[in-house]
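# A look at the structure
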Amino acid sequence: NALTPPNFIKSIIEEDLRSGKVKEVVTRFPPEPNGYMHIGHVRAIFIDFALADEFGGRTNLRFDDTNPAKEDVEYVNSIKEDIKWLGFQWDNQYYASDYFDEMYNRAVLLINKGLAYVDDQSADEIRENRGTLTEPGKNSPYRDRSVEENLDLFTRMKNGEFKNGERVLRAKIDMASPNINLRDPVIYRISHTTHHNTGDKWCIYPMYTFAHPLEDAIEGVTHSLCSLEFEDQRPFYDWVVRECEMEAQPRQYEFGRLNVSTMVTSKRKLRKLVEENLVDGWDDPRMPTVSGMRRRGYTPEAIKSFIYETGISRSQGLIDIQTLEHFVREDLKLKAPRTMAVLRPLKVVITNYPEGESELLPAENNTENEEMGIRQIPFSREIYIEQDDFMEEPPSKYFRLFPGNEVRLKHAYFIKCHDFIKDENGEVVEIHCTYDPATKSGSDFNARKVKGTIHWVDASSAVPAEFRLYEPLLGEDEESEELAADETNDVSADEVDDFLKKVNKDSMEVVQGFVEPQLKDAQPQDKFQFFRHGYFNVDPKLSEPGKPVFGRIVSMKSSFKL
Ligand code: ATP
Ligand code: MG
Ligand code: MG
């Protein structure tokens, strides 16, 4: 059983191993610890880890902490937890900042080779002089500084003699290159910021595009796999490995980003949702983060099936969220016990059932998985059904309860409505029915048929429970991101504001109902299928012993509508 589907990177690796170009596959997953991992990262994690595993290779977890301002141990810890939860194990854990000395030395090497220079232009000037797709850039007036002057200035940059932004170190390549990334990219910048790992040792920091190929080479990464927006950076990646005279020769290969409809995959937008308290943290069950999906009740198996089946290719189309939901249902189908829960209760009195008596009715825990056994459900004179399952004046084709109509109670009896009670506001608050003992479930009764089957719980023994029903945070077509692979491939502040306006503020409904008695002891992360309502997870953050809170993972396939 292959760990990854057929894909172009696998073919490359097979060829590299066959030809002896590489002896062992080494990959890395290089997250920036500035947020929680989301569904898009899962594709990257899957590709990096599963491909290496498939060939008995190694995967490093490398925290890309070259930007001193943003990192946080909370993020480092969540990333590690998420990778483990997904079922992957890294071989070594590194920080990009572990290599700052080496990176500095390689930059000095470039200066000595006449391949890097200190530029005094401002960031704006550098941007202006970069040119466009159709126009070449303009050489910096500082481009032809001598090696000695560059060495002196770079040393002084390092020693903290200049303010932020006063000078940068640039690779000296070609200001007329058709690839804008080769127009003398900045490789070091000044930032007087304390770094979580190196403290105040440095006030200059390497740019990501310079640092990344060096990190890969230092670690002996053979296949450096990244998302497609880095494609235009590949020539610079190769330039750095070559000109910095790195011994190892890592190669970069790009795969398509994963975009899923209704799922936001920008860390900056996700962070904003958290900061603005529009969600209950990074692990809110509506969040497309790994921790959110975990709390929602998605399983690692379901998520990995989804990643596997949607393939590893260079295409980055938008994948429908229903595809992911399909794999969640597929995984839970045989695993989750099937029970009954009433989300919006309406009391039913079975008037011909003897008062004070009760009985236990056997019910299969999973009709598709006999191994899950049978439970006994209490039944007595008073039960709860869904408010939706009764109508005083039903439209045609309504086969549930209404005056004079008979329905089947799942696992129990037929009941027929003969009366109902309204409160002073005209709301129906109680239904009166009779049951027919001859129709007991499992008795092969077939003297007459009913069209509707509804679920219920026994009023005296049912356990009160809270249910949370989720809708997507975003509408269907809101999310599809084009990112550029520069230092800040983050979206702009305007975009974030715009995004906040589109967020569905009514994406969670909280209702109070009842579950079968045995669910009182449900443990955090236990999963159930509630008949007709879908799959639910016991919320690990909100549940208390004996007081479970059930969040809907996913509804049943054909959602139950009138
Ligand atoms: P940032 O804007 O903070 O850089 P990022 O989403 O790029 O956000 P990283 O931590 O840099 O986050 O990403 C780690 C890895 O995950 C990178 O190799 C990146 O290519 C990959 N990745 C990120 N988003 C996706 C996505 N939607 N699909 C596939 N891979 C992704
Ligand atoms: Mg990044
Ligand atoms: Mg990125």
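Nothing here was measured: the structure is a model prediction, and the numbers come from that model.

You can read the domains of the protein as domain 1 (260-336 + 465-554) and domain 2 (338-464). For domain 1 and domain 2, the distance between their C-alpha centres works out to 32 Å. Contact residues are listed per partner, giving 26 residues for domain 1 and 29 residues for domain 2. Where domain 1 abuts domain 2, roughly 2400 Å² becomes buried across the two surfaces, and 57% of that area is made up of carbon and sulfur atoms.

Relative to the elements of secondary structure, Ser224 occurs in strand β8 (residues 223-227). In this structure Ser224 touches Arg28, His212, Asp216, Tyr237, Arg251, Gln252 and Tyr253, once residues within four positions along its chain are discounted. A distance of 3.3 Å separates the side chain of Ser224 from the side chain of Arg28, its partner in a polar contact.

Note on sheets: strands pair through backbone hydrogen bonds, and any given pair is parallel or antiparallel. Overall, antiparallel pairing links the four strands, which are arranged β4-β5-β6-β7 in an open sheet. Two strands bound the open sheet, and with one partner strand each, they are β4 (116-119) and β7 (204-206). Pairs of neighbouring strands in the sheet enclose a mean axial angle of 20°, with direction left out of account. Pairing analysis gives three bridges linking strand β5 (residues 168-171) to strand β6 (residues 186-190), with the strands arranged antiparallel. Residue Val168 lies in a different strand from β6, and its bridge partner there is Arg189. Where helix α4 (residues 100-112) meets the sheet, its contacts fall on β4, β5, β6 and β7, and the angle it forms with β6 comes to roughly 120°. Helix α6 (residues 147-158) contacts β4, β5, β6 and β7 of the sheet and is inclined by roughly 60° relative to β4.

Side chains that differ in charge, positive against negative, can pair when their charged atoms come close. One pass over the full model with this rule turns up 52 salt bridges. In this structure, Glu243 engages Lys113 in a salt bridge whose closest nitrogen and oxygen atoms are separated by 3.2 Å. Of this pair, Glu243 sits in helix α8 (residues 234-243) while Lys113 sits in the loop between α4 and β4; the two residues are 130 residues apart in sequence, bridging distant segments of the chain. With relative accessibility at 18%, the residue Glu243 sits in the buried group. Judged by relative accessible area, Lys113 falls into the partly exposed class, the value being 33%. The partner of Arg295 in a salt bridge is Asp283, with the nearest N and O atoms 3.3 Å apart. Taken together, the positions of Arg295 in helix α10 (residues 290-296) and Asp283 in the loop between α9 (267-275) and α10 put the pair twelve residues apart, joining distant regions of the chain. Note on Arg295: relative accessible area 5%, which makes it buried. Through salt bridges that share partners, Arg28, Asp48, Arg62, Glu215, Asp216 and Glu219 make up one connected network.

Strands sit in the order β21-β18-β19-β20-β14-β17-β22 across an open sheet of seven strands; the sheet is mixed. Two strands in the sheet have a free side with no partner beyond their single neighbour: β21 (453-454) and β22 (457-458). Where strand β17 (residues 382-386) meets β22, two bridges bridge the pair, whose relative direction is antiparallel. If you follow Ile383 over to β22, its bridge partner there is Asp458.

With that out of the way, let us pick up the state of the cysteines. Cysteine pairs can be linked by a disulfide, which is a covalent bond between their two sulfur atoms. Here the structure, examined in full by the defined rule, presents zero disulfides. The thiol of Cys244 is unpaired, and the distance to the nearest cysteine sulfur, on Cys226, comes to 18 Å. Cysteine Cys417 shares no disulfide, and the gap to the nearest cysteine sulfur, in Cys433, comes to 4.9 Å. The exposure class assigned to Cys417 is buried, which follows from its relative accessible area of 2%.

When pLDDT is averaged along the protein, the result is 94; 96% of the residues meet or exceed 70. When the criterion is pLDDT under 50, residues 479-488 qualifies, and its contacts beyond four places in sequence or with other chains add up to 22 contacts. The model gives residues 558-562 a pLDDT under 50, and that stretch makes seven contacts with residues more than four places away or in other chains.

Attention shifts here to the nonpolar core. Formed by 48 residues in total, the largest nonpolar core has its most connected members in Phe29, Ile39, Ile83, Met293 and Phe306. Residue contributions to this core peak at ten residues, all from helix α2 (residues 39-54). Not counting residues within four places of it along the chain, the set of residues in contact with Phe29 comprises Met37, His41, Ala44, Ile45, Asp48, Phe49, Thr59, Asn60, Leu61, Arg62, Ile79 and Ile83.

What follows covers the pairing of strand β1 (residues 26-29). Covered by surrounding structure in β1 are Val26 and Arg28 together with Thr27 and Phe29, the residues of both alternating faces. Pairing between β1 and strand β2 (residues 58-63): four bridges, direction parallel. Across the sheet, Phe29 pairs through a bridge with Leu61, a residue of β2. Between β1 and its parallel partner β2, the chain crosses via α2, and the hand of that crossover is right-handed.

Before going further, it helps to spend a moment on the environment of Ser443. Note that Ser443 resides in the loop between β20 (428-436) and β21. Since its relative accessible area comes to 37%, Ser443 is described here as partly exposed. As for Ser443 and Leu278, which are separated by 165 residues in sequence, their C-alpha atoms are 52 Å apart. Looking at Ser443, its side chain comes within polar contact range of the main-chain oxygen of Lys440, at 2.6 Å.

Calculation rules
Residues numbered from 1 in each chain as written. Chains lettered and ligands numbered in written order. Predicted model: local features only at pLDDT ≥ 70, side-chain atom pairs only at ≥ 80, totals over all residues. Heavy atoms only, no water. Domains from an automatic or database assignment. Contact = heavy atoms within 4.5 Å. Buried area = accessible area lost by both parts, 1.4 Å probe. Helix = DSSP H or I, 4+ residues; strand = E, 2+ residues; numbered from the N terminus. Polar contact = N/O pair within 3.5 Å; in protein donor to acceptor, adjacent residues only side chain to side chain. Pairing = 2+ DSSP bridges. Axes fitted to C-alpha atoms, helices over the stretch in contact; angles between N-to-C directions. Salt bridge = Lys/Arg side-chain N within 4 Å of Asp/Glu carboxyl O. Buried < 20%, exposed > 50% of the residue type's maximum accessible area, 1.4 Å probe, protein only. Disulfide = S-S within 2.5 Å. pLDDT = per-residue confidence, 0-100. Core = buried A, V, L, I, M, F, W, Y, C linked by side-chain atoms within 4.5 Å. Right-handed = clockwise from strand over helix to strand, strands pointing away.

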